[in-house]
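Listed below are the residues making up each chain.
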Amino acid sequence: MTLIRTGRGAPRRGATRRRQRRRLDWAGFDRWLDRVVVVAVSIALLVGVVALVLTLLL
């Protein structure tokens, strides 16, 4: 009778443990990308306001 692997609870054979491939965490990447976009838009608005004020004053 053969053992059917049922996931984590199944016994392992051999001494070497294989590491699972690490997948890219898209949720973390998305949060990081959102922060970058917020910073870029904030800087663009700040530069635009400063340029407008300088144009009106000079």
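Just above sits the structure.
Analysis parameters
- Residues numbered from 1 in each chain as written.
- Predicted model: local features only at pLDDT ≥ 70, side-chain atom pairs only at ≥ 80, totals over all residues.
- Heavy atoms only, no water.
- Phe/Tyr/Trp six-rings, centres within 6.5 Å; stacked < 30°, edge-to-face > 60°.
- Helix = DSSP H or I, 4+ residues; strand = E, 2+ residues; numbered from the N terminus.
- Buried < 20%, exposed > 50% of the residue type's maximum accessible area, 1.4 Å probe, protein only.

Caption draft 1: Seen up close, the packing of aromatic side chains. The final tally for this structure, using the stated rule, is 2 aromatic pairs. With centroids separated by 5.8 Å and ring planes inclined at 85°, the aromatic side chains of Trp-26 and Phe-29 adopt a geometry described as edge-to-face. With Trp-26 and Phe-29 both in helix α1 (residues 26-57) and 3 residues apart, this pair spans about one turn of that helix. Taking relative accessible area as the criterion, Phe-29 reaches 37% and is therefore assigned partly exposed. Counting every residue linked through ring pairs, the aromatic cluster contains Trp-26, Phe-29 and Trp-32.

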